[in-house]
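As a plain string of letters, each chain reads:
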Amino acid sequence: MMSDWGLVAHWKEKVPLKSVEVELQVRDHVATVVSTLNYENKEDKPLEAVFVFPLPGDAAVCHFSATIGQTQIVAEVKEKKQAREEYDDALSSGARAILIEESDQRPDIFSLSVGSLPPGESASIRLEYVTELAVQADDGLRFCLPAVLNPRYQPQGSVGASVQVTSVPASLVPYSLSFSARVSSPRPVSKVESNCSLDPLQYLNTEQTQATVKLAAGHKFDRDAEVLIYYKDAHQPTAVVEAGQASAKPGSLMGDPVVMLSLYPEFPQDVMSSLASCGEFVFLLDRSGSMDCPMNYSKRDQTRIGSARDTLLLLLKSLPMGCYFNIYSFGSRYEHIFPTSVEYSQTTMKEALKRVKRMGADLEKTEILKPLQHIYSQPCIPNQPRQVFVFTDGEVGNTKEIIGLVKKYSGSHRCFSFGIGEGASSALINGLAKEGGGHAQFITGADRMQPKVMQSLRFALQPAVVDISVTWDLPKGVSVTVLSPPITALFQGQRSLVYAQLSGQSSEAAEGCVTVKYSLAGHPSQNQLHFSLTPAQDTGLTVHRLAARTLIRSLEMEERESRREQDEVKKKVVELSVQSGVISAFTAFIAVNKGDGEAIQGPLVRRNVPKPSIRTCAMSINEFMLLLSAPPIMDSSAPPAMDINIKSGAAPSKSVRGICGIFSKLMKKLSRGPAKMSDPPPQIKCSSIEIDSRK
């Protein structure tokens, strides 16, 4: 069930979250992000503040602490059920407590609860996570600070509870954001770009290998903050060895050194030039109601469905003659242009272009699982490797279920994903590509769309690299345990990451070598990287935490796929999560102030902290009538202006301003009050509403 349809609380409650401060530190291609959330209870009763927010889907959340009044408490990672019980017990006894947990089905959504905040008291919450930055088509490194959290559709019968999101239009977000970044690299920093206004880049040394930049004052919560970092030299293979934690047990993940390999395979030019372009391309386009929303507040005339159409049209015009293709679209149901994939020709291309241009966001809900199952059930065409391209805003609740299906068929189907618009789920988009052996792109505007589209097509036309193996040559006495899952996909010049634990010691030369062997179109090839075993300086435990996150995600996937050993795998995840301090789907951060302070008296009032959303309200006639039958708006002020878009089938929307006769009469009728009312009804503010007259 959708957690929010664009009807949001008319925000007259006092929100205890006052400001968010974000500090980004980038070392080469790894980012450490520290967010400080400042709360203040200006009410006359104790509060519990609940904040549901997005983070990058591959983030390793590794630190959580709070300063409440004059007391500082550091959270611990514990099994999720135990953490929830401790939190509830603390609140019941009048103690102060904080809890942060990851959504069961959506690894890019987190919930932060701050409990028993007494009247007049302040709290400062510090949250830290680390993540790798993805390499873009133009060699920029992309960091995205998700500001927009769009509701996620939970298909009936899917696993996991829906996430309840309190959201408001960006202009009504009642807290401020400050953002600063510090970039350092062995290579000079050439420029930093963003979709938001930045202060000028400031270099910290003459070599220009260190720089700082800040978000300009007056930033509005109308978009995700996307930062692109460019270095002067092209990306090169690297290896970073990080020393273990002195207090950790030797032989454990946190006690031993860990190496992070960044591999950029270069295929032989004579092999690449001799490859013939072929394949079967299956395009899957999201036509759910949410795709009719604007890409972001700054470009309200550009819709997600329009951007997805443009992306698909560009791909269609760029396919090589002689390949095969088909186009599916989905919402509550799915459709396909051709009964089966057809050969690409001038005739079939023109027919497909004509049909795609007519596609609108008119298929209601986001049910992606069924069309994927249908695609996978179709027999593959001999000698035409199947490539699945998915275009979606990612507003689904069953993320892990979808990714698990893609992984199941990854041996015969590669999956390339495109996240459309602000707030697209990074967990879904990146997960589809990672488990499907493809590549992920995020389309947030028209300015960088073409190079991203052409890069994905270039990767798709490259034959699948097979027989991939990684071998290690280390000094005597040093052994290696690979923590990353096996590499299943390699693309020309595209980074692949490998994490490994190094055990033992050696008196020999402190150097190692890793060799990646593979076969491309029947041609065996290999790339080598020599690296020093001397630990890097000033990396803290960043590499260890990223390695732990990688291993945790692999074990979580194994737990979902295993039927007999689920409890054993879950136990491994919990142990690793507690040891590394990186939370998982089965653990949470919990902190309780166990001091001798006086217990907080009185009933606890819950306050949901809103997130900005760019959703409009798309609903059927039945849903609209249900809204009208709800308790009335009890507000002395005039009702806010509305836009009502009336849709009939695929006909174009008609905007009706001012609310014409029938609706005015209904509003007057509702204003008389409900027949029975035990509690004051909620105040409702309407954003743009779409009435769909289809059944």
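Summarised in this report is the structure supplied together with it. (Residues numbered from 1 in each chain as written. Predicted model: local features only at pLDDT ≥ 70, side-chain atom pairs only at ≥ 80, totals over all residues. Heavy atoms only, no water.)

What follows is about the sheet that holds strand S29 (residues 478-482). Across the sheet, four strands lie side by side as S19-S20-S30-S29; this open sheet has antiparallel pairing. Since the sheet does not close on itself, it has two edges, and those belong to strand S19 (238-242) and S29, each with one partner. For this sheet, the mean inter-axis angle between neighbouring strands, taken without regard to orientation, is 25°. Two elements, S19 and strand S20 (residues 258-263), share five bridges in a ladder whose sense is antiparallel. (Pairing = 2+ DSSP bridges. Helix = DSSP H or I, 4+ residues; strand = E, 2+ residues; numbered from the N terminus. Axes fitted to C-alpha atoms, helices over the stretch in contact; angles between N-to-C directions.)

Within the structure shown, the criterion is met by 20 salt bridges. The salt bridge involving Arg84 is made with Glu101; its shortest N-O contact spans 2.7 Å. Placement of the pair is Arg84 in helix H1 (residues 80-92) and Glu101 in strand S8 (residues 97-102), with a sequence separation of 17 residues. In this structure, Arg126 and Glu128 form a salt bridge, with 4.0 Å as the shortest nitrogen-oxygen distance. The buried category is assigned to Glu128, whose relative accessible area is 15%. Via salt bridges that share partners, Arg287, Arg333, Glu335 and Asp362 belong to a single interconnected network. (Salt bridge = Lys/Arg side-chain N within 4 Å of Asp/Glu carboxyl O. Buried < 20%, exposed > 50% of the residue type's maximum accessible area, 1.4 Å probe, protein only.)

This brings us to unusual backbone geometry. Although it is not a glycine, Asp28 sits at a positive phi angle of roughly 60°. Topologically, Asp28 is positioned in the loop between strand S2 (17-27) and strand S3 (30-40). Taking relative accessible area as the criterion, Asp28 reaches 16% and is therefore assigned buried. Despite not being glycine, Asn383 has its phi angle at roughly 65°, a positive value. Of the residues examined, Asn383 reaches a relative accessible area of 69% and is grouped as exposed.

Before going further, it helps to examine the side chain of Glu102. Turning to its location among the elements, Glu102 is positioned in strand S8. Classification of Glu102 as buried rests on a relative accessible area of 3%. Setting aside residues no more than four positions away along its own chain, Glu102 makes contact with Lys80, Pro107, Ile109, Phe110, Lys400, Arg553, Ile583, Ser584 and Ala585. (Contact = heavy atoms within 4.5 Å.)

In the structure shown here, the tally under the stated rule is 18 aromatic pairs. Ring geometry for Phe53 versus Phe110: centroids 6.3 Å apart, planes at 25°, classification stacked. Residue Phe53 is found in strand S4 (residues 47-54), and its partner Phe110 is found in strand S9 (residues 109-117); the two are separated by 57 residues along the sequence. The burial state of Phe53 is the same as that of Phe110; both residues are buried. Grouping aromatic residues by their ring pairs yields a cluster made of Phe281, Phe283, Phe389, Phe391, Phe416, Phe418, Phe459 and Phe491. It is Lys191 that lies over the ring of Tyr230; its NZ or CZ is 4.7 Å from the centre. (Phe/Tyr/Trp six-rings, centres within 6.5 Å; stacked < 30°, edge-to-face > 60°. Lys NZ or Arg CZ within 6 Å of the ring centre and 35° of its normal.)

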